[in-house]
Every structure is written in C-alpha cells, then in structure tokens.
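# Breakdown of the fold
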Amino acid sequence: MNLLMCPVCHKPLVLNERTWRCENNHSYDVAKQGYVNLHVVQHKHSKTPGDTPESVQARRAFLHAGHYAPLQQAVVQLIRDLRIENLLDIGCGEGYYTNAMQAEVLQCVGVDIAKNAVQVAAKLNSNVTWVVGTGAILPVTDHSIDMCTSLFSPIPKNEILRILKSQGYLMVVTPAKEHLYAMREALFEEVKPHDPAKFLEQLVDTFDLIKEYVIDANLSLNQDDLKHLIAMTPYAYKAKPERRLALEERAKFDVAAQYQIYLFQKK
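Residues numbered from 1 in each chain as written. Predicted model: local features only at pLDDT ≥ 70, side-chain atom pairs only at ≥ 80, totals over all residues. Heavy atoms only, no water.

### Describing the packing of aromatic side chains
Defined as follows: In this scheme Phe, Tyr and Trp rings, the latter by its six-membered ring, pair at centre separations within 6.5 Å, and the angle between planes marks the pair as stacked below 30 degrees, edge-to-face above 60, and tilted otherwise. Secondary structure follows DSSP: runs of H or I at least 4 residues long count as helices, runs of E at least 2 residues long count as strands, and numbering of each begins at the N terminus. Accessibility here uses a 1.4 Å probe with only protein chains present; expressed as a share of the type maximum, an area under 20% marks a residue as buried, one over 50% as exposed, and anything in between as partly exposed.
All chains considered together, the criterion is met by nine aromatic pairs. Taking 5.3 Å as the distance between ring centres and 90° as the angle between the ring planes, the aromatic pair formed by F62 and Y68 counts as edge-to-face. Each ring, one from F199 and one from Y262, has its centre 5.4 Å from the other, and the planes form 85°; the classification is edge-to-face. Separated by 63 residues along the polypeptide, F199 in the loop between helix 6 (181-187) and strand 10 (207-222) and Y262 in strand 11 (residues 252-266) bring together distant segments of the chain. On the basis of relative accessible area, F199 is assigned to the buried category, the value being 10%. According to the relative accessible area criterion, Y262 is buried, its value standing at 2%. Aromatic rings pair up to connect F62, Y68, F152 and Y259 into one cluster.

### Some points on helix 1 (residues 53-64)
Heads up, the condition is: In this scheme, a helix's expected span is set at 1.5 Å multiplied by one less than its residue total. As used here, the arc belongs to the directions running from the helix axis to the C-beta atoms. Every residue pair with non-hydrogen atoms within 4.5 Å of one another is taken to be in contact.
Taking 1.5 Å as the rise per residue, helix 1 with twelve residues should run 16 Å; its terminal C-alpha atoms sit 16 Å apart, in good agreement. All of the buried residues in helix 1 are S55, V56, A58, R59, F62 and L63. For helix 1, the angular spread of buried residues about the axis comes to 165°, placing them on one side. Packing partners of the buried residues in helix 1 comprise helix 3 (96-102), helix 4 (115-122), strand 10 and helix 7 (223-232). Immediately beyond the C-terminal end of helix 1, within one or two residues, lies G66, with a positive phi of roughly 95°.

### Here's the deal with helix 4
Within helix 4, six of the eight residues are buried, which leaves it mostly tucked inside the rest of the structure. At its buried positions, helix 4 is contacted by strand 4 (35-37), helix 1, strand 6 (107-112) and strand 7 (129-132).

### A short note on the pairing of strand 9 (residues 164-175)
The criterion, for reference: Note on pairing: DSSP must find at least two bridges between two strands before they are called paired.
For strand 8 (residues 145-151) and strand 9, the ladder comprises six bridges, and the chain directions are parallel. Counterpart to C148 in the pairing with strand 9 is L170. Pairing geometry for strand 9 and strand 11, over seven bridges, is antiparallel. In the sheet register, L170 faces strand 11, and the bridge partner there is F264.

Below, the structure is given as structure tokens:
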C-alpha cells in the first residue's frame, strides 16, 4: 500500500524506480541520499525551515551516545504491544527514534521540515520512507496510518485526524515536569517546571487518552555530551551567552531527564 500523497493535488503517489508520481503527473525524485522532498515551495515560510545543521549534528552525536535509550526502548515497546502496521513519525529529525520504530512495523514514514535532518536520517535505515515535508500538510493519504508519533514535535491535530485510520493511535512524548531541570537552572535565572499536559485540552474532543506514564533517566555527561545536549535544545539560543559558556566549561555534569509519554486513540 502506498502511503505518500502529492502535496500539490493530494492524489496518491506511486514510486517507479526512483521517482514518486501522481495521476496528475506531478513528480518527485528520490535524492541520492534516499529521501524524497515533498515540501513544495508554496508551503514554505523560510528558505531553510527547521533545525540548523549544527543542532542536527549535536542531536545525532548526543542520541547515538545512548543517553535517551530508555525513552527509545519505551516507545518501541509500546509500538510492539499495539502491533502497528503503518506508522508515521512527525518531526523525525535525524531519525534516532524512527530508525528503531521501523523494526516493529510493516511500513514506516519519517517526515521532518528540516532537509538537513532528513538527509542525515536517510543514511540510517533505507527501509524507512524518509520525507521532507510539513505538518501543515502531512504528505500522507487519508485514513492510511495506524499510529502517528510526535516526539518533542508539533501536533498538527487536523492533519493527524485526516490520515489516521478509525481508532488509530497518536503517541506524544513531551518533557515531563523535571526534565533537564539542573541544566535549565544553570542556564536561566528563573526556571519553572515543564507543564507536559498543556496541549491535552486541544485533543480531548477527538481523542481518548488511554495511557500515560513518565520515564526517568539520570544522565552523567562528559563535557562533549553536555555541549551536544545544550546545542540540540532551544536553550542554546535562549540562554545568555555567558551562562551557556560557563556551563559548557564543566568537565562533568549530572542531570535528570524525565519524559512524559501519552497514548491517545482516535474517537
């Protein structure tokens, strides 16, 4: 079953050799790195949307060192338990989680607005359909997906409802209350606990919350890991430069990661 949709006319796309094409003859070539760009110019709001190359490389280095492995394992276990066939990972980034999800499903699509992130992801796993695209128009056909995942990413509710099958699942991972609290204390004068539930209201009318839990992980970081963690978060540019530099000079830093997992089912 082909899952991809033409972003211009919304007809299904069919892959022939290395070109995706719809019945209206709009065509999209698979890049040599193994991804397809379905982020058409009329949907772009900036020249290079999404994460910077520096942020992507920092995230890749940090995640591949295994620091967020407990979260990756919890996400994979949930997908395994639900026996998902078709999965879409929204905001897949450099592919750390998507790569692990693919082994548990029949078809896996990873989409991200940042082309440089998808280029990195596409080298990880050729069995994932890697797509540059936007959550505003998810380039996936109607009612074709069993589960959407959004890990630290936007939740384009109407588009998710369009592409999910009836009673399909939405998994959201967001920072739990104490996530990276010690790091934020070092970077900012005033720190408030995260509010993981702040987006729940927008989903209650169309989704049932069927499971929620918190994963805790204590991180003991060397200087390189710490620099990568700072660089991959929005704190990198929100913190005062002198505070960031002072933290980056630490040879070792202990911080608690805390992730909130929500599992929803479409009503």
